[in-house]
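One letter stands for each residue in the lines below.
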Amino acid sequence: MVNFKHPKKLKIFWTPKSKAFFGIEKKWQERWEKAKCFQVVERSRRKKFYVLEMFPYPSGSGLHLGHAFNYTIGDIFARFKRMQGFNVLYPMGYDSLGLPAENAAIKKGIHPKKYTEKSIKNFMKQQKLLGLSYDWSRLINTSNADYHKWDQWIFLKMLEKGLAYKKESSVNWCPKCKSVLANEQVHNGKCWIHKEVSVQIKHLNQWYFKITDYKEELNDFSELDGWGDRIKKLQKNWIGKSFGSEIDFEIIKTKGFSDINGKKWKIFTTRPDTIYGVTFMVISAQHPELMELVSDEQKKDVEKFLKKIKSVSEKEISDLEKQGVFTGSYAINPVNNERIPVYAGNFVVADYGSGMVMAVPAHDERDFQFAKKYGIEIKEVIKGGNIKERAFTGKGVLINSGRFNGLKSERAKEEIIKFLQKKKIGRKTIQYRLRDWLISRQRYWGVPIPIIYCEKCGAVPVPEKNLPVKLPEKIKFGKGNPLKSAEKWMNVKCPRCGGAGKRETDTMDTFVNSSWYYLRYCDNKNNKEIFNKGKVDYWCPVDLYVGGKEHACMHLIYVRFYTKFLRDLGLLKFNEPAVRLFNQGMLHAEDGNKMSKSLGNVINPLDMIKKYSTDTLRLFLVSVASPDSDFSWSEKGMQGSFKFINKVWDYFKKVKIGKSSKRIESKINKTIKKVTEDIEDLRYNLGIIKLRSLFDEFEDEISKKDAESFLKMFSVFCPHICEELWEKIRGKGFISLSDWAVADERKIDKKLEKQEEQIFKLVEDINNILRIVQGKGKKIKRCYVYVLPNANMIQRVNLKEQSLRSRQFILSKNIVYFLINV
RNA sequence: GCGGGGGUUCCCGAGUGGUCAAAGGGGCAGGACUUAAGAUCCUGUGGCUUAGUGCCUUCGUAGGUUCGAAUCCUACCUCCCGCACCA
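If you're wondering where the values come from, they're calculated on a predicted model, not measured in any experiment.

Novice: What am I meant to see in helix 17 (residues 614-623) here?
Specialist: Since the α-helix turns once every 3.6 residues, residues separated by three or four places project in the same direction. Most of helix 17 sits inside the fold, with 10 of its 10 residues counted as buried. Among the residues making up helix 17, those that are buried are Thr 614, Asp 615, Thr 616, Leu 617, Arg 618, Leu 619, Phe 620, Leu 621, Val 622 and Ser 623.

Novice: In this structure, what is going on with the packing of helix 18 (residues 635-654) against helix 22 (residues 719-728)? I would like to understand it.
Specialist: Relative orientation and spacing of two packed helices are given, respectively, by the angle between their axes and the distance between those axes. The contact between helix 18 and helix 22 brings their axes to 11 Å, and the two run at 10°. Between helix 18 and helix 22, the interaxial angle falls into the category roughly parallel. Taking contact as the criterion, the partners of Ile 645, Val 648, Trp 649 and Phe 652 in helix 18 are, on helix 22, Ile 721, Glu 724, Leu 725 and Lys 728. Its residues assigned to classes, the contact of helix 18 with helix 22 comprises 6 nonpolar, no polar and 2 charged.

Novice: Is there a simple way to think about the pattern of salt bridges in this case?
Specialist: Close approach of charged atoms lets side chains of opposite charge pair. Taken as a whole and assessed by the stated rule, the structure comprises 45 salt bridges. The residue Lys 128 makes a salt bridge to Glu 33 at a minimum N-O spacing of 3.6 Å. Remark: Glu 33 occurs in helix 2 (residues 22-34) and Lys 128 occurs in helix 5 (residues 112-129); sequence separation between them is 95 residues. For Arg 618, the salt bridge identified is with Asp 75, shortest N-O distance 2.7 Å. Pair noted here: Arg 618 is in helix 17 and Asp 75 is in helix 3 (residues 65-83), with a separation of 543 residues, a long-range link. Note on Arg 618: relative accessible area 0%, which makes it buried. Connected through salt bridges with shared partners, the residues Glu 217, Arg 560, Lys 564, Arg 567, Asp 568 and Glu 576 form a single ionic network.

Novice: Could you clarify how one ought to interpret unusual backbone geometry in this entry?
Specialist: A cis amide bond, omega 0°, links Leu 467 with the succeeding residue Pro 468. Between Cys 540 and the following residue, Pro 541, the backbone shows a cis peptide bond with an omega angle of 0°. The topology assignment puts Pro 541 in the loop between helix 14 (533-539) and strand 25 (544-547). At Asn 337, a position not held by glycine, the phi torsion is positive, near 60°. Counting through the fold element by element, Asn 337 comes out in the loop between strand 13 (324-332) and strand 14 (339-345). Positioned with a positive phi, Leu 682 is a non-glycine residue whose angle comes to about 60°.

Novice: How do you make sense of the sheet that holds strand 21 (residues 458-461) when you look at a structure like this?
Specialist: Note on sheets: strands pair through backbone hydrogen bonds, and any given pair is parallel or antiparallel. Read across the sheet, 4 strands follow the order 21-20-23-22 without closing on themselves; strand pairing throughout is antiparallel. Two strands in the sheet have a free side with no partner beyond their single neighbour: strand 21 and strand 22 (491-493). Within this sheet the neighbouring strands show an average axis-to-axis angle of 40°, counted without direction.

Novice: So what exactly am I meant to see when it comes to the nonpolar core here?
Specialist: Here is a general trend for soluble globular proteins: nonpolar side chains tend to be buried in one another's company. Counting 87 residues, the largest nonpolar core has Phe 652, Phe 710, Phe 714 and Phe 717 as the members making the most contacts within it. The element that contributes the greatest number of residues to this core is helix 3, accounting for 10 residues. The residues touching Phe 714, leaving out its near neighbours within four places in the chain, are Leu 619, Phe 644, Ile 645, Val 648, Leu 691 and Cys 722. Residues Leu 434, Leu 467, Ile 557 and Phe 565 belong to the second largest nonpolar core, which totals 82 residues.

Novice: I'm lost on the confidence of the model for chain A in this one. Help?
Specialist: Low-pLDDT portions of the prediction should not be read for the details of their coordinates. Mean pLDDT over chain A stands at 82; residues scoring 70 or higher make up 84%. Scored below 50 in pLDDT, residues 312-318 makes 8 contacts in the model with residues more than four places away or belonging to other chains.

Novice: When you look at the sheet that holds strand 24 (residues 507-508) in this model, what are you seeing that I'm missing?
Specialist: Pairing is antiparallel across the open sheet formed by 3 strands, whose spatial order is 18-24-19. Both outer strands of the open sheet, strand 18 (440-441) and strand 19 (447-448), are each paired with one neighbouring strand and no more. Across 2 bridges, strand 18 lies against strand 24 in antiparallel orientation. Residue pairing in the sheet places Arg 441 in a bridge with Thr 507 of strand 24.

Novice: Before we go on, may I ask you to explain the side chain of Asn 87 in this structure?
Specialist: Along the chain, Asn 87 falls in strand 2 (residues 87-89). Excluding residues within four positions of it along the chain, Asn 87 makes contact with Val 40, Val 41, Glu 42, Arg 43, Arg 46, Lys 47, Lys 48, Phe 49, Tyr 538 and Trp 539.

Novice: Help me understand the protein's contact with RNA strand B, please; the structure alone is not making it clear to me.
Specialist: Neighbouring RNA strand B are 41 residues, the closest being Thr 270, Lys 322, Tyr 352, Arg 366 and Lys 643. The sugar-phosphate backbone supplies 65% of the atoms of RNA strand B found within 4 Å of the protein. One of the side-chain N or O atoms of Thr 269 is found 3.0 Å from a sugar or linking oxygen in RNA strand B. In the environment of RNA strand B, a phosphate oxygen lies 3.1 Å from a nitrogen or oxygen atom belonging to the backbone of Ser 626. Put simply, the parts of the chain that give the surface near RNA strand B at least two residues each are strand 7 (186-187), helix 8 (229-239), strand 11 (264-269), helix 18, helix 20 (684-697) and helix 23 (750-775). For the surface near RNA strand B, the leading source of residues is helix 8, giving 5 residues. Tallied by class, the residues present in the surface near RNA strand B amount to 17 nonpolar, 10 polar and 14 charged.

Novice: Hey, could you run me through the packing of aromatic side chains in this one?
Specialist: Any two aromatic rings considered together are summarised by their centre-to-centre distance and by the angle between their planes. Inspection of every chain in the model, using the stated rule, returns 52 aromatic pairs. Taken together, a centroid distance of 4.6 Å and an interplanar angle of 15° make the contact between Tyr 147 and Trp 516 stacked. One end of the pair, Tyr 147, is in helix 6 (residues 145-160); the other, Trp 516, is in the loop between strand 24 and helix 13 (517-520), with 369 residues separating them in the sequence. Classification of Trp 516 as buried rests on a relative accessible area of 0%. Both rings, one in Phe 209 and one in Trp 437, keep their centres 5.7 Å apart while their planes meet at 80°; by these two values the pair is edge-to-face. In this pair, Phe 209 sits in strand 9 (residues 200-209) while Trp 437 sits in strand 17 (residues 437-438), placing the two residues 228 residues apart along the sequence. On the accessibility criterion, Phe 209 (0% relative accessible area) is buried. Here a set of aromatic residues connected by ring pairs shows up, and it is made of Phe 155, Trp 207, Phe 209, Tyr 214, Trp 437, Phe 511, Tyr 558, Phe 561 and Tyr 562. For the cation-ring pair, Lys 167 lies above Tyr 208, with the distance from its terminal atom to the ring centre recorded as 4.7 Å. Sitting over the face of the ring of Trp 238, Arg 433 holds its NZ or CZ atom 4.9 Å from the ring centroid.

Reading guide: rules and limits
- Residues numbered from 1 in each chain as written.
- Chains lettered and ligands numbered in written order.
- Predicted model: local features only at pLDDT ≥ 70, side-chain atom pairs only at ≥ 80, totals over all residues.
- Heavy atoms only, no water.
- Buried < 20%, exposed > 50% of the residue type's maximum accessible area, 1.4 Å probe, protein only.
- Helix = DSSP H or I, 4+ residues; strand = E, 2+ residues; numbered from the N terminus.
- Axes fitted to C-alpha atoms, helices over the stretch in contact; angles between N-to-C directions.
- Parallel < 35°, antiparallel > 145°, perpendicular 65-115°, else oblique.
- Contact = heavy atoms within 4.5 Å.
- Nonpolar A, V, L, I, M, F, W, Y, C, P; charged D, E, K, R; others polar.
- Salt bridge = Lys/Arg side-chain N within 4 Å of Asp/Glu carboxyl O.
- Pairing = 2+ DSSP bridges.
- Core = buried A, V, L, I, M, F, W, Y, C linked by side-chain atoms within 4.5 Å.
- pLDDT = per-residue confidence, 0-100.
- Near = heavy atom within 4 Å.
- Polar contact = N/O pair within 3.5 Å; in protein donor to acceptor, adjacent residues only side chain to side chain.
- Phe/Tyr/Trp six-rings, centres within 6.5 Å; stacked < 30°, edge-to-face > 60°.
- Lys NZ or Arg CZ within 6 Å of the ring centre and 35° of its normal.

In structure tokens:
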């Protein structure tokens with residue numbers, strides 16, 4: 001019989017209407033912590049498993065439901081793997097450098113450090129309430145100098161290997177952030193944080209990481225089978241490998257033909273077959289070398305044009321009209337020596353290819369629009385379309401193309417490139433969309449770039465032994481780069497010559513912090529090296545990485561880049577950071593909209609915990625839908641989950657622990673097998689459904705082993721209540737550390753299942769008859785069914801609420817069934 | 001425009017060739033329990049029917065493949081998301 005320890009205290013918990021399981025949850029959370037249940041060490045005997053969630057930016061407003069969802073998914077898997085006998089590393093940390101802390105400083109006058117510390121405390125408290133089985137001893141915090149010292153160290157290594165460099169370039173500048181943005185942080189020409197603010201173009205001297213050195217490898221997804229196709233596709237598009245040709249066009253500034261001494265521009269094109277149709281060139285209006293091409297006569301016009309396109313910043317980029325202005329320069333078409341005008345245009349991307357394109361209005365829509373607008377010649381060179389009305393972008397047979405007339409596009413491409421190659425003015429080439437990673441930020445709350453500028457020696461790296469370069473605490477916010485206000489900090493001696501030097505006042509993009517954090521968890525307290533190689537060898541790569549898909553193009557590319565770089569430094573033995581990546585779905589509000597403060601439909605996970613308990617929230621989050629699909633919050637659904645937990649609770653309260661029937665044994669073993677598969681596939685919702693229907697079958701008596709098996713499976717979803725019940729049925733130790741239930745296939749009785757199915761049909765049939773008869777006005781209380789023993793297969797079936805001792809079975813409330821010996 | 005993912009019975013959501021009128025939850029209806037309510041339990045929940053049964057309609061729309069389709073193919077409609085003038 002089940003033994004209950006504190007009936008008085010527990011009384012409130014027996015009542016389903018109660019504020020529920022709060023006390024139990026607290027009790028077990030404390031016990032887990034006290035017993036250090038989830039702390040792990042490297043033990044090579046056991047197989048390791050590394051579960052990681054994307055660590056949060058600890059905002060002041062605390063956890064939102066999306067966090068709770070994300071961590072619940074990871075925690076369930078970590079618990080599952082732990083119970084399966086793996087040595088599970090499941091850590092948590094905080095990506096705590098970043099803008100909100102600094103903005104809080106500006107707005108409310110709180111120091112970013114204080115703000116961050118407070119936020120982290122709050123976050124941790126809330127995460128602990130969720131019952132997450134983290135190894136808290138491995139906590140990391142990127143705003144801590146112990147951590148970002150190694151960001152600086154990596155920077156120095158990048159510098160050493162020529163992968164960090166400084167260059168003057170036109171950059172994306174957000175006037176509201178007062179900082180430069182990476183290409184990845186510009187969306188639709190707007191800042192990714194300030195969605196209403198148009199990004200401006202500025203020319204600044206900035207630090208870059210040469211991520212493009214790894215573009216080939218980043219574009220290789222062969223080791224990423226465990227990542228979703230969506231993410232891989234997004235990355236592939238982002239890296240944007242495209243095959244084409246590069247053709248040299250000579251640019252001349254003067255009007256005369258004789259002065260062919262200008263610069264050669266490499267022009268990228270995927271359609272060399274249309275080269276005879278080039279009637280103008282367009283250089284990007286943002287191109288840093290634009291002015292070099294502008295003739296004196298055209299200077300005024302060009303400047304006017306540049307002013308004009310800057311002023312349209314408010315307008316959506318998508319409905320911008322193609323505009324341009326003649327620069328005064330000409331280019332020479334290398335195949336026929338024709339002289340063609342060069343325009344500056346607003347529709348050409350400055351840093352893709354060489355920033356200048358050859359325009360073929362007859363066969364490219366954008367060029368066509370432009371030519372129409374400015375009255376430039378449209379020359380048809382591919383047969384097949386109606387050039388008068390629109391550009392023909394398809395393929396066809398060449399015309400007006402000199403010696404290449406009559407060839408088909410594909411063939412012509414080859415021949416033309418061959419021809420140009422011979423003359424050394426053209427070649428096949430591969431172009432990428434991916435650009436180098438701009439890491440400089442004119443912000444305070446980031447990692448200082450470890451560089452000192454000396455008048456004599458130039459940019460000098462801070463020696464490794466002097467790391468970390470700590471952030472100064474006394475600074476002024478509000479005007480430009482805050483670090484410039486810390487004069488004491490800024491003015492230092494040059495490490496090389498000892499002369500006067502000034503520190504770099506830019507900090508690094510916060511994405512550097514998250515690019516390698518998964519490695520630091522393996523050895524978070526090491527102050528001698530970035531991490532111990534042996535420890536990382538043991539734990540890494542990450543086996544399951546859980547996070548939102550919005551990070552496909554930023555974080556997930558950077559982290560791959562860092563992994564490859566650190567590998568090339570000889571620190572890692574693997575190529576990709578994570579074996580399996582899982583992207584959870586988006587959580588919408590009850591009304592179907594996104595949860596947002598302005599719509600007033602935000603659900604706070606803590607409120608739900610207070611109302612229904614943590615276990616309920618966890619169960620609900622993963623039981624509505626597959627974790628990778630979007631779904632809407634529903635409080636009704638929460639109540640459904642709550643009801644179920646109560647049922648489980650009540651059942652174990654009164655169940656007799658003894659022997660299971662064959663039927664339950666069969667069912668439970670079948671369920672174990674299926675639920676194990678469902679969890680492994682991260683289809684928690686299906687697993688829960690199977691547990692529910694198993695539970696519905698439970699009888700008044702059950703064996704200890706079967707009771708344990710059920711609780712074990714259920715415990716990954718609802719760990720607190722299962723610990724409590726585990727204790728009640730006298731399970732050994734913590735259920736969280738027990739062995740996962742293993743299916744005993746011999747006990748799965750297929751025959752029995754089939755027989756049962758037949759019984760269900762029988763009951764259904766009889767019920768139908770009863771209904772009909774009753775419908776005809778006869779009041780029948782009971783229906784008796786008589787069966788000959790030899791003829792029946794259902795004889796051995798042990799039905800719910802009735803044991804085999806009797807020869808009389810109650811099939812349902814109003815059907816009684818007898819076995820008769822003839 | 002390009003790319004990706006969807007549209008399932010009142011709602012949320014499973015299901016990817018037959019065992020499907022379609023899991024599970026929620027809602028709703030009826031019943032049991034109860035002084036009553038809540039909770040709990042049972043039953044029902046596309047339509048028409050039968051003694052057992054059977055038939056019709058249904059998985060965005062329209063076609064097609066197949067002995068057989070929610071499931072495969074084609075076209076279209078529609079919703080969501082990502083990228084966006086990449087030459």
